[in-house]
Each structure stands twice: as C-alpha cells, then as structure tokens.
Amino acid sequence: MSRYTINRRHFLGASSLLLGGAALPSFAWGEGEPIKIGTLTPLTGSGGPYGPVMADTVKAVVDEINAAGGILGRKIEVVSEDDQTNPEAGVRAARKLIDVDAVSAIVGTWASSVTTAVAPLCWESKTFLATVSGADSITELPHQGYLARTQPNTTLQGRKFGEFAVAESAKRVFFVSPQTPFADSQFQNITKAIEAGGGETASLIYDDKKPSYRSEVDELLRFNPDAVIFGGYAPDTTVMLKELYRAGYQGKKIAFAYAVNEKLVDSVSAEIVEGCYTIAPSSDESSTAYQRLVELIGVDKPDPYTVQVYDQINLILMAMAAAGETTGTAIKDNIRKVSQAADGAKVDNARDGLKLIAEGKAVNYDGASGPCDFTDKGDISDSSFRYEQVRGGRLTLVKIA
Amino acid sequence: MSILLQALLNGVMNGALIAVPAIGFTAIFAVLRYPNFAIAAYATIGAFAAWWVNVHFGAGILPALLVAFAIAGCIGVGAEETALKQLRGAGALTVAIGSIALNTVLENVVRLFFGNDLRGYDLPLVPDWRFMGLRVGPQQLQSLAFAVVIMAAVFAFLRYTRFGKAMRAVADNSDLARLKGIEPAHVAVMTIFLGAGLAGVGGVLIGLDASIDPLLGFRVLLTVFAAAVLGGLGSIPGAVVGALAIGIAEECALLVAPASYRSAVGFAAILLVLTVRPRGFFGERAN
Amino acid sequence: MLAYLIFALTIGGVYALLALSLNLIWGGIGLVNLGLVGFFALGAYASALLTGAGLPVLFGWGGAIVVGAVAGLVVTLATARLRDDYLAIVTLGLAEVIRLVALNERWLTNGSDGISGIQAPLKSALGNQGFNLFYLAMVSAVVLVVWLVLRRLDRSPYGRAMKAIREDQELVGFAGKNVLGFKVQAFAVSAAIAGLAGALYAHFQSYVSPDHFQPLITIYIFLAVAAGGVGRPAGGVLGAYVVVFFLELTRFLPDLVPSLAPAQFAACREILVGVALILVLRFRPQGLLPEQIVPAPKS
C-alpha cells in the first residue's frame, strides 16, 4: 500500500536513476514550474475498490517519465484528489485541481455521475478530462474536444457480450445488473445479438446494497437460462455469484472484467467463480503495452480501469510533448496526433514515445486497453476484447479478439 | 404457491442475517436510550476481525465469530468511553449524532489499515438443500439458528442474571438503580460490549454472503434500523421478529414490485406498521 | 485561486441554507431530520424538471419550495404519532427512498444518468466568471434573507413557543398550545428551505443525479449546525461556511504528510471530519455562536 515499500519497480527506477543520473546535469529540470496533472478517482465510497490502484498507476507512469527526464525539460507532478464516488464532492475536488493547482488534465473519473458533473468545469477552464465512465451520454456532452474516454461505449460492449454468449452456444441469456447508466442499453444490445443468433433474453435490475438476493435468483432460475451476464461491480457481483452457486446454477457466467477481477477471484472460494468468463477492452494480441503495465505496477491481472488510466496518462504526456506546450488545449489538439497518426511509429509507452517525439518523429500509441483511436466525440473507435476465464481459481487468457 | 412459499422461506433466511446486528442495536437502545449508528462500523470491524483470524490462523467459523464478538465489543467499549460517553448529558439526539461521526471515523480507520479491497473468508460455501421443490440454505439456517440462540441468550441474560437485571433496572430508571447499589456506568460498558459485539457477529454472518470491505456495515445499516424500529426499539425479541418481518416483506415484495426497490420495502413496512402501532410490534410504553 | 474562493463561498451558501433548514427544526423544535439530503434532492429535481419543461428559473425555485414543503407536511403528518427518535429513523429511510426513485424512474428523472444541462440563469450573458460572481451574490442574498426571516421568527413569540416545545412538549401541550401544529409547520418550512437549497444547487451545477444525494451531505450539515450553534440561525450559517472551508483546507494536508498513499489520505480526511464533529459536540456543545434566549417581554 505504502508508496515507500521497496519493490522491484522502485528498485529498477532508483538504479536507472543512479546510472543515468550521472550523465544528466543536476539542473536538468530547473526550467520552470513542474507540469501538474490531477487524478480524480474514487478513493472512498462505492467506487473505493477501484480508485486507489488507478491513482497509484498514474503516479507510477509519471515517476518513470520523470526519471527519464520529464517532458519538455520539466518535471511532472501528480496531484491526487478523492471524488468520494459522489459528484457533489467530485466537483469540489475538481475545482481545487483546476483553480488552485492549475492542472492541465484530470484523469481517472470513474462514476458516470462524477464525470458528467466535472466535465463542464473542465471544458470551461480548458482542462483536459480523461475518463473511464461508461454512460453513453458522456461523450454527447458539449465538451468541445476536452473529453476523451477509453471505456468502449455500451453498443460495442453489449454486442460483444451477446456475440460471445452466442458463440458459446447459449440460447437463453439472463442479464442481471444494478441500476447503472448503461444497464438498459447494455441489455438492448445483448438482446440484439442473442436474437440474431436465434436465442432469447430476460433481465433483472437489482438493488446493489443487499447482502442476499435469494428471490432475485429464483426469478432468474425460473427463466431457465444457459448463460447469465452480470452487469454490476465487484461487491454486488460477489453476492450474486455466491447466490447462484448455492442455488446450484450450472450454466455459463459472463461478467465485466472489472467486476470479476483478480481481487474478487482471490476473495471467494474457487468453486464460486470457476468457469466464469470476463470481457475487457484490449489491444490486439501483438501489443506489449499490457505486459509493460503488469511489470510497472506489479499487479498480475490489472483491472480494466487501471489499464485504461495507464493509457490515458501515457497519451496525455505524449500529447503535451508533441504540442511543445502543456495546456489542456494543447492536449486536446494533439492527443489524436499521438494516438492515431496513420504514419506514426507504433509505441506502447510514453517513455519510448517521448524519445521519438523529441527526434521529431510521429508516433501512434497502441495501449494496454486497445489501439486508443478516438472519434471526434471522444469515444474510442474500435477495440479488441480480451476474454478470460477463471480456471483452477485463476483468471486465464482465453483469447483476444 | 411454491413460489410464494419459497419467497417466505427466503425472507426468513434473509431476515436472519439482519436479526443479530438488530439485537445489538436494540440492546444498546434499551439501556442507553439512543440509536447508535456506529453499529455499522462495529459490524464491519467484526467481519474484518473474523477475516483476520480465519485467513491468518485458519480459524473456523465458531472461533471466528467469538473473536469478532470480542474485538468488536472491545472496540465498541473503547469508542464509547472516549467519544460518546461524555455526550450523554446533552441528550439522546446529541449522542446519536456523535455516533454518526464515530461511524465515519471507525469506517475510515478500517479503510486506512485494510484499504478498500474486497476480502472473503477461507470457508467453503455450502450449496442449498432441495426438498419438495423448495431450496433452503444450510448456512442461512445456521445464521437463523445463531440469531435465535443469541436472542434467547440475551433475553435470558437480561431476565435471569444479576447483571442483566441491573441492565434492565438502569434502562427503566438509572437514579433508582443507583440507589439500589447498581452502578449505571458499569452497566453501560457491559451493554455497549454486548451490543457492539453482536453487531460484530452480524458482520461476520453478512460477510459470509457478501464481500468484506469497509462499507459492509453501512450497506445494511438502514435495514437493521428498520428491523429494530419495526419490532419496537429496545425489545430484544422485537428485533428478531422485526428482522424476519422485513426479510419476508422484501422477498415477497419482489413477486409484485421491481427488485430495484428492495430497500424501499423496509421503509414502507415501517410506515405501515408504525401507523397502526406507533411503538412497533413489541415496543414499550413511551417514557 | 479567486475562482476557487468564489466557488467555495457559493457552496458555503448552499450549505448555509441547509444548515438554516436543519437549525429551524433541530434547534427550534427539537426534531431531527436525518433525511435532510432527501429534501435537498426533491428541490433540486423539482426545479430541474420544471425548468426543463420550459418554465422560467424563478418558477422552478418556487416549485422546489412547494415540493419541499409538501413533502415536509406529509412526513410529519405520517409520523405524527411517533416518538421523536422514530421520526429520525423514518426520515433517514425517506431520503434513501427518494434516492431510489430518482435512480429507478428513468422516465421522470433520467435514472442514474441524471439530468444535465440544467438552465444556468444568465450564464450566456455573463460568461463563466460573471456567472460565478453573480451566482455567489444571489445565493448569499438568499441566505441573508432566509437568515433574517428565521432570526425574526426565532425572537418572536412563535419562536419562543417552538423552543418551549423543544424543552418540554407535554408542558406546552398542557398550556393549550397545538404542539403538533407547531411541529408540522416548522418541519414544512424547514423542508421548503432545504428544497430551495437544492434548486439553487441544481442551477449552479447544471447537473443533478441520484449519486449527488448520499447521506454524506447530511453529516456535513449536522457538523455545521453543531459547530455553529444549535438554536441560533446565525450559528448555522457561520457553521456552514466553517465546514466548507474545513473540508477544503484538509485537501492541502498531503503536503504535510507525504508518506501516505492517496487512499490512506482520503481515509484520514474523513476521519478528521468525524473527529471534528465529536470534539465540537463534546467541548463546545453550544457552538461558536451560542443560543440567545430572548427574555419574554414583560406585559
């Protein structure tokens, strides 16, 4: 937990600093103020299981870039704030980041409500906002380009869930989810895919604060599904998985990778999640970004949110370098130049990218969560998906497609 | 018909989960006369304490429950003595508000040391038994049995032991109790230990079904209140009956109402019952 | 930095209205509304929906006041026969039900997406900076007016009757006063003020969602009223500004304790809020501005 635990990453970072440091003049970043970037992640409240490691990941990337010389000769400083999974508190935190710290970009907003609340402050103050929120409405906001998200929208994800269920020869698919901004459209898109494959669907929206869902599961079982798709987050999905196991449900289980993540798999007995499939946006198989991230933060199976925030910070740093300036507007105008330049050299991390940019070359970042190509609205235009399955109590890669 | 029967059964098992912390909450109310919101944190602390001995020392469910009871009870007494005791003079509402603040503090102390990550016991989950088309969870039956045994024990303790009688005496009239040689301060400590400890036990039972994280207690707080209010604040059997009633109401409501309104069912049940019986099922006369 | 101050003062004003609302019933008549955030939500949604349907902003605010008052009436009448500690728990449940309705009734409230693009009055004419200043002035003016009215009330015979109910409602009942009537009126007015605060907040932020209305705000307002002084309107207002500045100042502490991870620091911030409330209740139960009991005029 503590940032001061000695681990491999720090050790490597420190030793590279020692080796390379001798060559660097000691005033290497004496030039100007540090560049500030804010993280606004849920550290308390219902998003609490996700936010801390997101904040740590941004810090890890920035530490690495600082150790390699920073950007434009300046050091980067990360200011972390807690959105408390609450838009009221999130707005207060964002105002502080924008008005006092004068950050160029805010990364990592998680709850769709927090993102929607914070987005206007960002575009009004010309601060760039990168988010992992899933609500389709977010990229419809009049954000003038100051917003980008790495989470695929629900049309794409819903279809993938449905198609995967069909490919697994499921005919009767049940969708259980708490009331999220994307539950509805997710279900519609799943249904479209399943019905195209000749199957049938049903859904149930549950109250996500309860310690048991017995009657909900009875209703689910009455539908007699051969696959269940989970739309919730880790804490409520845990309860639901336990109920299904007790009720003797034998069919297939498919969940978002952020719900059935490494933490969940480790926290329950193996038989409860055994065989559960997870789906997460991913870059194609050849990309090495995911592996780099695993090594950087020392987490075996990073959460999709962690993976996305890693891409966000890499892109933002490279966009600033490509622009030769560090404002939010510069990031807005240049992020697509580093994310999807047709003639750019493929890179999977900002350290390599920054070197190429310094040499005046174009780069095209392919991240850990996907190729990270953005539409004009700020949605990612396409992504492969990473399918994993819990086998023998461990998440195991099935395919990337 | 079997659907309704199954829903009733589910309700009993769902209610059993809430019954134990509800007993803890109502016991504190019975003696100290204020609604203690910190029981949410005590439940969380109990769940974490049990997790600690279960994962690190391989403790089974019974020793884990005992540890949870003891640790949540001790922390409850410590917190009450340092933070809330001095507020009692200012009235029940002040203590209640203090307990909300205390709950925030304790929840975040847990977060500070354990983080937000999900945890779970290293205990096997037992599949439901099925007979005549109905399914029953052995673990939920176990929880129900715990709730009933605890209720009986607490009830007997209050009725037949000297200390228990002292607690009831203090609840009725603390000045009179003092005249009779009962020290209300000792009784208060004992009550908090019992109440917080029971909340801790409830936290473990909830942790068996849900995930263990700093918000475990907070998520069920409202239902626990609803159970205690429904049964009549301060009544031990009332807490159990109230919890079962809320559990049954929630599960049966699912047959007619959307599942997303589950939390509202408890609230509707309170309003309904209190309109007819302003002091709940077993509530005492107004003081 | 200036923009941040302006923002903090505006939020302070919204909190101040909530504190005035709570103070009226807690300090005034001795009832506790643990569902304050629910009435705040009702006002915010009422105004967002009314202005969204094309009505002018002032109409939305009026609507928020009416909706708040009606909800307050319903709650007190529905719980009239209950002891006061039951009322506290019922209001807590009510706030959760209001949040659930906002979350699930998508046709009305747009569900968990929330309602964005709520009209910000005069924003296009004034620009961002101008709007923020204008809104601060307006919220402050509303706080001033509500405060003056409540202070007047506090010192009137009506206010004294309320406080008598707080101290001993049976006695006041014996004296021939309609205790329930006082309670219902006070609760309705209090709920109306909370509704107005919600409307002001909604049009300032241009966005409301069910996530906004979690119990945390209620805790902050209790801290504000307890710190400022229960039973004195000025106390609640001062307490609200103090709480906002306290919440915001704690953000700057990581510079002092750099060894904590972000999540640990976030936990410490919340611990500080809780500890502050307990300390205030214990060491300065009368608050920064203690209640003034105006002697009854000699007749």
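Residues numbered from 1 in each chain as written. Chains lettered and ligands numbered in written order. Predicted model: local features only at pLDDT ≥ 70, side-chain atom pairs only at ≥ 80, totals over all residues.

So, on to the overall build of chain B. Summing up its helical and strand segments, chain B has 11 helices and two strands in all. Starting at the N terminus and ending at the C terminus, chain B contains elements arranged as α-α-α-α-β-β-α-α-α-α-α-α-α. In terms of overall dimensions, chain B has a C-alpha envelope of 60 × 50 × 35 Å along the principal axes. Looking at chain B residue by residue over its 287 residues, the buried ones come to 63%. (Helix = DSSP H or I, 4+ residues; strand = E, 2+ residues; numbered from the N terminus. Buried ≥ 20, exposed ≤ 12 C-beta atoms within 10 Å, placed from the backbone.)

Opposite the 34 residues of chain B that make contact, chain A presents 34 residues. Elements with a contribution of two residues or more to the side of chain B that touches chain A: helix H1 (2-32), helix H8 (184-209), helix H9 (216-231), helix H10 (236-256) and helix H11 (262-276) of chain B. A total of six residues in the side of chain B that touches chain A trace back to one element, the largest contributor, which is H1(B). For the side of chain B that touches chain A, a count of residues per class yields 14 nonpolar, 10 polar and 10 charged. (Contact = placed C-beta atoms within 7 Å. Nonpolar A, V, L, I, M, F, W, Y, C, P; charged D, E, K, R; others polar.)

This part covers the sheet that holds strand S5 (residues 147-149) of chain A. All names here are of chain A. Within the open sheet, the five strands sit side by side as S2-S1-S3-S4-S5. Their pairing is parallel. Edge positions in the open sheet fall to strand S2 (76-82) and S5, since each of these has one partner strand only. Neighbour to neighbour, the strand axes of the sheet diverge by 20° on average, direction disregarded. Sitting on the sheet, helix H2 (residues 51-67) touches strand S1 (35-41), S2 and strand S3 (105-109), and the angle it makes with S2 is about 175°. (Pairing = 2+ DSSP bridges. Axes fitted to C-alpha atoms, helices over the stretch in contact; angles between N-to-C directions.)

A word on the interface of chain A and chain C. Interface size, as often reported, equals the accessible area lost upon joining of the parts. With 35 residues of chain A at the contact, the number on the chain C side is 32 residues. Mapped by element, the contributors of at least two residues to the side of chain A that touches chain C are H2, S2, helix H3 (87-100) and helix H4 (112-124) of chain A. With eight residues, the single largest contributor to the side of chain A that touches chain C is H3(A). Across the side of chain A that touches chain C, the residue classes tally to 14 nonpolar, 12 polar and nine charged.

With that settled, the discussion passes to the pairing of S2(A). All names here are of chain A. Among the seven residues of S2, six are classified as buried, and the element is accordingly described as predominantly covered. Where S1 lies against S2, seven bridges are found, and the strand directions are parallel. For Thr39, the partnering residue across the bridge sits in S2 and is Ser80. Each parallel crossover has a hand, and for S1 linked through H2 to S2 it is right-handed. (Right-handed = clockwise from strand over helix to strand, strands pointing away.)

For the rest of this paragraph, the subject is unusual backbone geometry. Residue and element names in this part refer to chain A. Phi at Thr85 takes a positive value of approximately 50°, unusual for a residue other than glycine. Within the secondary structure, Thr85 is located in the loop between S2 and H3. Accessibility expressed as a C-beta count within 10 Å gives 24 for Thr85, which makes it buried. Even without glycine at this site, Gln144 takes up a positive phi of about 55°. In this fold, Gln144 is placed in the loop between strand S4 (128-131) and S5. Looking at Gln144, the number of C-beta atoms within 10 Å reads 12, which means it is exposed.

All names here are of chain A. Spatial ordering of the open sheet is given by S7-S6-S8-S9-S10-S13-S14, a layout of seven strands whose pairing is mixed. Strand pairing shows two members of the sheet lacking a second neighbour, strand S7 (200-206) and strand S14 (394-400), which therefore form its edges. Strand-to-strand twist in this sheet, taken as the mean axis angle between neighbours without regard to direction, amounts to 25°. Where strand S6 (residues 172-178) lies against strand S8 (residues 227-230), four bridges are found, and the strand directions are parallel. Bridging from a neighbouring strand, Val176 pairs with Phe230 of S8. With respect to the sheet, helix H8 (residues 234-246) is in contact with S6, S8 and strand S9 (252-256), its orientation differing from that of S8 by roughly 160°.

Don't take any of this as a statement about function, it's just geometry.
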